Every structure is written in C-alpha cells, then in structure tokens.
Amino acid sequence: MTQTNHRVLLKQRPLGPVTDDVFDFDEQPVGEPGDGEVLVRNLFLSVDPYMRGRMNDVKSYVPPFAVGEPLQGGVVGEVVASRAEGYAEGDTVMGMLGWEQYSIADGRALRPVVAGDLPLSYHLGILGMPGLTAWVGLNVIGACKPGDAVLVSAASGAVGSVVGQIARNQGCYVVGSAGSDDKVAWLRDSLGFDVAFNYKTVDSIHAAVHKAFPKGIDVNFENVGGDMLEAAIWNMAPFGRIALCGMIANYNARPEEMPPGPRGLPALIGRSVRMEGFIVSNHLEHAPAWDQQCREWIAAGKLEYRESVADGLAQAPAAFMGLMTGQNFGKQIVKIAD
Ligand SMILES: NC(=O)c1ccc[n+]([C@@H]2O[C@H](COP(=O)([O-])OP(=O)(O)OC[C@H]3O[C@@H](n4cnc5c(N)ncnc54)[C@H](OP(=O)(O)O)[C@@H]3O)[C@@H](O)[C@H]2O)c1
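Procedures and definitions
Residues take numbers from 1 onward in each chain, read along the sequence in its written order. pLDDT decides what is reported in this predicted model: residues at 70 or higher carry local features, side-chain atom pairs at 80 or more are listed and counted, and totals for whole chains, interfaces and linings draw on all residues regardless. By definition, any uninterrupted DSSP run of H or I lasting at least four residues is a helix, any uninterrupted run of E lasting at least two residues is a strand, and each is numbered from the N terminus. It is over C-alpha atoms that the radius of gyration is taken, and the globule rule equals 2.2 Å times the number of residues to the power 0.38. Exposure classification rests on a simple neighbour count of other C-beta atoms within 10 Å of a residue's own: a residue reaching 20 or more is buried, one at 12 or fewer is exposed, and one in between is partly exposed. C-beta atoms are placed from the backbone. Here, residues touch in the contact sense if the C-beta positions derived from the backbone fall within 7 Å of one another. Two strands are counted as paired when DSSP detects at least two bridges linking them. Axes here mean lines fitted to C-alpha atoms, for a helix over just the part in contact, with angles spanning 0 to 180 degrees between N-to-C directions. Near, as applied to residues and a molecule or strand, means the residue's backbone-placed C-beta atom lies within 6 Å of it. Amino acids outside the nonpolar list (Ala, Val, Leu, Ile, Met, Phe, Trp, Tyr, Cys, Pro) and the charged list (Asp, Glu, Lys, Arg) are all regarded as polar, and Gly is one of them. A domain assignment, automatic or from a database, supplies the domain bounds used here. Each angle receives one of four descriptions, namely roughly parallel if under 35 degrees, roughly antiparallel if over 145, roughly perpendicular if within 65 to 115, and oblique otherwise. With the strands aimed away from the viewer, a crossover counts as right-handed if its path from the first strand over the helix to the second runs clockwise.

Asks: Now, about the overall build of the chain: what can you tell me, with residues and values included?
Replies: The secondary structure content of the chain amounts to 9 helices and 15 strands. On C-alpha atoms alone, the chain measures out to a radius of gyration of 21 Å, which is about the 20 Å that the 2.2 N^0.38 rule sets for 338 residues. Its C-alpha atoms give the chain principal-axis dimensions of roughly 70 × 45 × 35 Å. Evaluated residue by residue, the chain yields a buried proportion of 44% over its 338 residues. The long-range share in the chain, meaning contacts at least 24 apart out of those at least 6 apart in sequence, stands at 65%.

Put into structure tokens, the structure is as follows:
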C-alpha cells in the first residue's frame, strides 16, 4: 500500500503578522529515493524566528520559501531507505528538510546524529543551532569575560536562556528581559539570573535597564531590537560590545513601516562600543567546542534546558505563530512522529 506524506505548505506570503491563511496542507504519496538520496521519516521539527524572513520574497542569507511548496526547517529524522553512501535504514540524521512527514534528501545535505543519552530533539536546540548561536554570540562576537555585566533580551527563549546560563557559568553578572511573570520567575529562581524583568509590565524599559546596570553593560546580547536595543545603547559601559543576534520586534514590519532608529547611537562613539551583527552559520568552526562544553555543563547540572513541544505536524503553523507572540517557553519544537 502506498504511504501518505502529509505536508504544510506556504499558501501565500504574509503582510505583517502571520495568520492561519498563510498556510495550507496537502497529501502526497511517499516517494522513492534516487541515486545518492535518502528517504527520511521526520521525527522532530525546529520552529525558528528566522522563518518569518524566509516567508518574504526578499534576498537574504537564505533563499525565501516558495509559495505552494512545504516550508523548511531543521529536522531530526530516521532513515527509512537509503541510496546514499554512508547512510543505512535505521540511522538517525538531521538536515534542513520540509514541514512534512517524509522527506527525500541528498545524502550530502544530511548529517548523522549520535543519539547518546540526551533526547534527540536537543539537537535542534541546545546542542544545535540555537545553542551554538548563544555560545558564538556571547563569547566570540561579545568577547565576554569573567566579571562582565551581561544583558540578554528574549531571555527565556531557545537562544536567550542559554546565553544567560553560559554567562552565569563564566562568572558574569546576568540580567534578562522576558514577556511574562512566569518566564521572569524561571530566569531568577531556576537559571540564577541576578536580575530579570518583564518588559511588558515595567514602567520604563530604559529605567529597568539603568537600575540593573549602575556601572553600565559590558555585553548586550540583542535578540529583540526596538526599545530593548535602545535601552541597552544608552546604558553601555566604555568598551562594551553589542552582539546583534536578532530583532524579532521588527520581523513582521513591512519595509515601508520599519521604525526609524535605534536612537542614541552617538553614545556608542564616546564610549568606544563595538556593535556587530552575526549569523551562526558563518561560525561553525566553534561547534565542536560548544558541543563538548554543553554536554559537560548539562551532565554537571549547570545548564537547564526547556522545550515547548507541539504534538503533530498539523500544529506546526500554530507553533510558529505562537513563537512570534511569545507563547513558547524555551525552545519551540514540533514532534512529528515517535
Ligand atoms: N544571528 C543568528 O545566527 C541567529 C540564530 C538563531 C536565532 N537568532 C535570533 O535570536 C532571537 C531568539 O531566537 P530563538 O530561536 O531563541 O527564539 P525564542 O527566543 O525561543 O522565541 C522568540 C521569543 O521572542 C520574544 N518576542 C517575540 N516578539 C517580541 C517583541 N515584539 N518584543 C520582544 N520580544 C519578543 C518572545 O518571548 P517573550 O515572551 O519574552 O516576549 C518569543 O518567545 C531571534 O531574534 C532570532 O531571529 C539569530
């Protein structure tokens, strides 16, 4: 009997916030791998903010999603059939695959996953791209050193929660912002942040940041942009570093609606502050060091990891929309199959 492959497609490009009508669903027969290809049964799918940019028809560091085709993202799956050297039925692999139950991939675009003790989904989060982003952004771009005063926004998320814990483990003073009281309590009570605040309910983000950093910020790990970035800019210490990781506050804005700013840039001149953007895929040489450090800290109980797991491929659109509005608590994953 032919097996069915359920898929989630990009129906149309969103203008502003993503809504249900951006997505479509279809079913196709599961195909056969050709020469050099692998048929993968997808188990876990990563849902990430950068996908919002790929929904637009603009040139970026990754090509846009095609309308009428499955969306794509990081996937961990199991090889069902292989005609590619190095892969056999039953192997666990990861790659950039479709939002679908089964994918056919070029073997060269996959990499093996060594299952080990940790859950497979961790390879899409703390052991994968978001974890490495935290490590590279803080230590390579941010040049973080023991004793530094560190600010991280979206601090309870996949990247932010790891940034804060790395900084804490390295002997830094750590402050984080997040969008709910539950998230703030987790940062303070479980992750050991020195200060955490709810950016939605404080009277003034600027005042909250200023109070938390009487001597200024040495490293600002920027995940959000907008008011958070402005507050950081005004409060940077001399020779501070701003690692521009993401600006999720602006991801839904149409180009003509993009707010001007940030204000306060002249302050960075007088204080000799360096502000630098980065894309983690340009820093993959740091992956082995992070993998080793991450596993050691997890084993020693020095790195806590939290996931929001949506159950079933059909939930992927809702998981993505939730990520963009702060419904996730920790790394957003979709479980596609057991
Ligand atoms: N440069 C790179 O290579 C790279 C790699 C990975 C990720 N990133 C960036 O890193 C950032 C975090 O990504 P992630 O995967 O860890 O996602 P995440 O933090 O797990 O999830 C996104 C979070 O952003 C917050 N948020 C959404 N809209 C916001 C707004 N208008 N203002 C403030 N906060 C808002 C929400 O948390 P709250 O409840 O706290 O609002 C939401 O939970 C994103 O900007 C992403 O694009 C960059």
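There is more to say after this.
Asks: Explain the sheet that holds strand S13 (residues 274-277) to me, and be specific about the residues and the numbers.
Replies: Spatial strand order, S10-S9-S8-S11-S12-S13: 6 strands in an open sheet with parallel pairing. In the strand order of this sheet, the two ends are held by strand S10 (195-198) and S13, each with one partner. Sheet twist, expressed as the mean angle between neighbouring strand axes with direction ignored, is 15°. Where strand S8 (residues 149-152) and strand S11 (residues 217-222) come together, 3 bridges link them in parallel fashion. When the bridges of S11 are listed, Leu-151 appears paired with Asn-220.

Asks: Which residues make up the site of the ligand, and what values go with them?
Replies: Not every one of the 29 residues close to the ligand is listed here, only the nearest: Gly-157, Val-159, Gly-179, Gly-246 and Gly-326. Of all the secondary-structure elements, those providing two or more residues to the shell around the ligand are helix H2 (129-141) and helix H3 (158-169). If you tally residues by element for the shell around the ligand, the top one is H3, at 3 residues. Taken together, the residues of the shell around the ligand break down into 16 nonpolar, 10 polar and 3 charged. Looking at which domains feed residues into the shell around the ligand, each of domain 1 (4-125 + 306-335) and domain 2 (129-284 + 291-297) supplies at least three.

Asks: Any details on the packing of H2 against helix H8 (residues 287-299)? Residues and values, ideally.
Replies: The contact between H2 and H8 brings their axes to 10 Å, and the two run at 105°. By the criterion of interaxial angle, the relationship of H2 to H8 is roughly perpendicular. Contacts between H2 and H8 pair Gly-131, Leu-132 and Trp-135 from the former with Ala-287, Trp-290 and Cys-294 from the latter. The residue inventory of the contact of H2 with H8, partitioned by class, reads 5 nonpolar, 1 polar and no charged.

Asks: An account of the pairing of strand S9 (residues 173-178) is requested, with residue identities and associated values reported.
Replies: Of all the 6 residues making up S9, 5 are buried; the element is thus mostly covered by neighbouring parts of the structure. Relative to S9, S8 runs parallel, the two being bridged by 4 bridges. Each residue of the ladder has a partner; that of Val-150, found in S9, is Val-174. Following the chain from S8 across H3 to the adjacent parallel S9, one finds a crossover that is right-handed. Sheet analysis places S9 next to S10, joined by 4 bridges and oriented parallel. Directly across from Ala-178, in S10, lies its bridge partner Asn-198. With helix H4 (residues 181-189) bridging S9 and its parallel neighbour S10, the resulting β-α-β unit is right-handed.

Asks: For H2, give the residues involved together with the corresponding values.
Replies: The element H2 is extensively covered by neighbouring structure, given that 12 of its 13 residues are classed as buried. For H2, the complete set of buried residues consists of Met-129, Pro-130, Gly-131, Leu-132, Thr-133, Ala-134, Trp-135, Val-136, Gly-137, Leu-138, Asn-139 and Ile-141. Trailing H2 by a residue or two, Ala-143 shows a phi angle of about 45°, which is positive.

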